[in-house]
Amino acid sequence: MSSLPYLAGETLRQRPTWRGAVDALIDGHRFPRARITDTTLARGEQRMMSRLAWIDGLGSAVKSFTVYPENPRAQPPRPSAQGGCLLLDDATGAPVAMVEFSMLTWWKTAADSVLGALLLGPSEPRSLVIIGAGPVARSLGEAYAALFPSLERITVCARRLAAASSCTDALSLDGVELRVSDTPERAVPEADIVATATTSSQPVLHGKWLKPGAHVDLVGAYASTMREADDEVLTRGSVYVDSRATTVEHIGELMIPLTDGVLKTTDIKGDFYDLLAEETFIDDKRARGDAITVFKNGGGAHLDLMICKYLQSLTPIAGKGG
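Being a predicted model, the structure only gives us computed values, none of them experimental. (Residues numbered from 1 in each chain as written. Predicted model: local features only at pLDDT ≥ 70, side-chain atom pairs only at ≥ 80, totals over all residues. Heavy atoms only, no water.)

Remarks on the sheet that holds strand β3 (residues 46–55)
At step 1: Within the open sheet, the six strands sit side by side as β1-β6-β5-β4-β3-β2. Their pairing is mixed. Here the strands that pair on one side only, and so sit at the sheet edges, are β1 (6–7) and β2 (35–43).
At step 2: As paired elements, β2 and β3 share nine bridges and run antiparallel to each other. Looking at β3, one finds that Arg 43 is bridged to Gln 46.
At step 3: Along the sheet, helix α2 (residues 101–120) makes contact with β1, β4 (59–67), β5 (81–88) and β6 (95–100), crossing β6 at roughly 80°.
At step 4: The sheet strands contacting helix α11 (residues 301–312) are β1, β2, β3, β4, β5 and β6, and the helix crosses β3 at an angle near 70°. (Pairing = 2+ DSSP bridges. Helix = DSSP H or I, 4+ residues; strand = E, 2+ residues; numbered from the N terminus. Contact = heavy atoms within 4.5 Å. Axes fitted to C-alpha atoms, helices over the stretch in contact; angles between N-to-C directions.)

Comments concerning the sheet that holds strand β11 (residues 215–218)
The strands making up a sheet associate through hydrogen bonds between their backbones, and the pairing can be parallel or antiparallel.
At step 1: Strand order in the open sheet made by the eight strands is β9-β8-β7-β10-β11-β14-β12-β13, with parallel pairing throughout. Each edge of the open sheet carries a strand with a single partner, namely β9 (177–181) and β13 (268–270). On average, adjacent strands in this sheet sit at an angle of 25° to one another, irrespective of strand direction.
At step 2: Across five bridges, strand β7 (residues 127–131) lies against strand β8 (residues 153–157) in parallel orientation. Within the sheet, the bridge partner assigned to Ser 127 lies in β8 and is Arg 153.
At step 3: Helix-sheet contacts for α2 involve β10 (193–196), β11, β12 (237–241) and β14 (292–296), and the interaxial angle to β14 is about 155°.

Examining the packing of aromatic side chains
At step 1: Across all of its chains, the model carries five aromatic pairs by this definition.
At step 2: Residues Trp 18 and Trp 107 carry aromatic rings whose centres are separated by 4.2 Å and whose planes lie at 40° to one another, so their mutual orientation is tilted. With Trp 18 in helix α1 (residues 18–28) and Trp 107 in helix α2, this pair connects stretches of sequence that are 89 residues apart. You'll find Trp 18 and Trp 107 in the same group, each marked buried.
At step 3: On the numbers, 6.0 Å between centres and 25° between planes, the contact of Tyr 144 with Phe 148 is stacked. The residues Tyr 144 and Phe 148 share a single accessibility class, namely buried. (Phe/Tyr/Trp six-rings, centres within 6.5 Å; stacked < 30°, edge-to-face > 60°. Buried < 20%, exposed > 50% of the residue type's maximum accessible area, 1.4 Å probe, protein only.)

Observations regarding the nonpolar core
At step 1: Ranked by internal contacts, the top residues of the largest apolar core, which has 62 residues, are Val 99, Leu 128, Leu 140, Tyr 144, Ile 307 and Leu 311.
At step 2: Top contributing element to this core by residue count: α2, with ten residues.
At step 3: Discounting chain neighbours no more than four positions away, the residues touching Leu 140 are Ala 110, Ser 113, Ile 130, Ala 195, Ala 197, Asp 217 and Val 219.
At step 4: Residues Cys 157, Ala 191, Leu 205 and Val 248 belong to the second largest nonpolar core, which totals 24 residues. (Core = buried A, V, L, I, M, F, W, Y, C linked by side-chain atoms within 4.5 Å.)

Quick look at α2
At step 1: Between its terminal C-alpha atoms α2 stretches 28 Å, which fits the 28 Å expected from 20 residues at 1.5 Å a residue.
At step 2: Within α2, 17 of the 20 residues are buried, which leaves it mostly tucked inside the rest of the structure. (Expected span 1.5 Å × (residues − 1).)

Concerning the pattern of salt bridges
At step 1: Per the stated rule, a full pass over the model turns up 16 salt bridges.
At step 2: Across the salt bridge formed by Lys 108 and Asp 304, the nearest N and O atoms sit 2.8 Å from each other. Placement of Lys 108 in helix α2 and of Asp 304 in helix α11 is noted, with a sequence separation of 196 residues between them.
At step 3: Using a relative accessible area of 0% as the deciding quantity, one classes Asp 304 as buried. (Salt bridge = Lys/Arg side-chain N within 4 Å of Asp/Glu carboxyl O.)

Considering the environment of Leu 25
At step 1: Mapped onto the fold, Leu 25 is located in helix α1.
At step 2: For Leu 25, a relative accessible area of 0% gives the class buried.
At step 3: Linking Leu 25 and Val 99, residues 74 residues apart in sequence, is a C-alpha distance of 17 Å.
At step 4: The contacts of Leu 25, once residues within four sequence positions are left out, are Ala 111, Asp 112, Leu 115, Leu 303, Met 306 and Ile 307.

Describing the environment of Arg 47
At step 1: Structurally, Arg 47 is set in strand β3.
At step 2: Along the chain, Arg 47 and Arg 126 lie 79 residues apart, while their C-alpha atoms are 37 Å from each other.
At step 3: Once you skip the residues sitting within four places of it in the chain, Arg 47 turns out to touch Thr 40, Leu 41, Ala 42, Phe 65, Thr 66, Val 67 and Tyr 222.
At step 4: Here the side chain of Arg 47 touches Gly 44 through a polar contact of 2.9 Å, landing on its backbone oxygen. (Polar contact = N/O pair within 3.5 Å; in protein donor to acceptor, adjacent residues only side chain to side chain.)

Written out as structure tokens, the structure is:
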């Protein structure tokens, strides 16, 4: 295992790009539908998770990680999520690379969201509101600005203005006004796109705040007890997911309203495989005007696999890592 290439920021000759990451997800969905399975163990609020994916013709991946929500508040602070992803060859099953967790998550999570917005949201959004101020919020700010040059303003909302300011200070975006807020009920009604990136178990986004034509990007909730949007967000909008297999029966964002009868499974209009198979979909969505769209970013090891293959293509530096 010592000779296995280790893919991390310092071991790649080329820096990834958001356009490259999004294209990798598009290309990956041209292969047969992924086989996916997840395993989760819980100890209080702590989680240990393993996510597996196999895509015929592309390869397979095993991503294992822990989530310790208290880590950022410890001394010294540590990331709340830690782990790694093993990339396996499709033809032989042999391990071909180990991918560093935080880099993989950075590029996969935001690329997932931006692809959803490209397929579903307004074609030329002017205003983005991000609820949450952690590393995911920062990656979303970078990714949206890179893929939507029409953006003029990004507002980061957090309960603590200092956290929101820290997030915007870390963003360096030419031509984009950066704002902070601790009152999302004031910021959201102006937004063309609203992204949520929190670890909340209770809704932080309310449907009554959304303006007609807005696109909602739900990122943070990953467990069966977690949700970021209230029922009105889901009933006002047309609901889509990145993958039915990793969201509908796994994440509280959908499980709770489905159990309560607020949603039916038929209300979930489609996932990336459906959307990318419809050649006229992008033209159709541009004609929807004031319709609200809601996208649940659930992640999944198949998306990790697609991004791992992209990172592997960026020419690892010989002798680095392992």
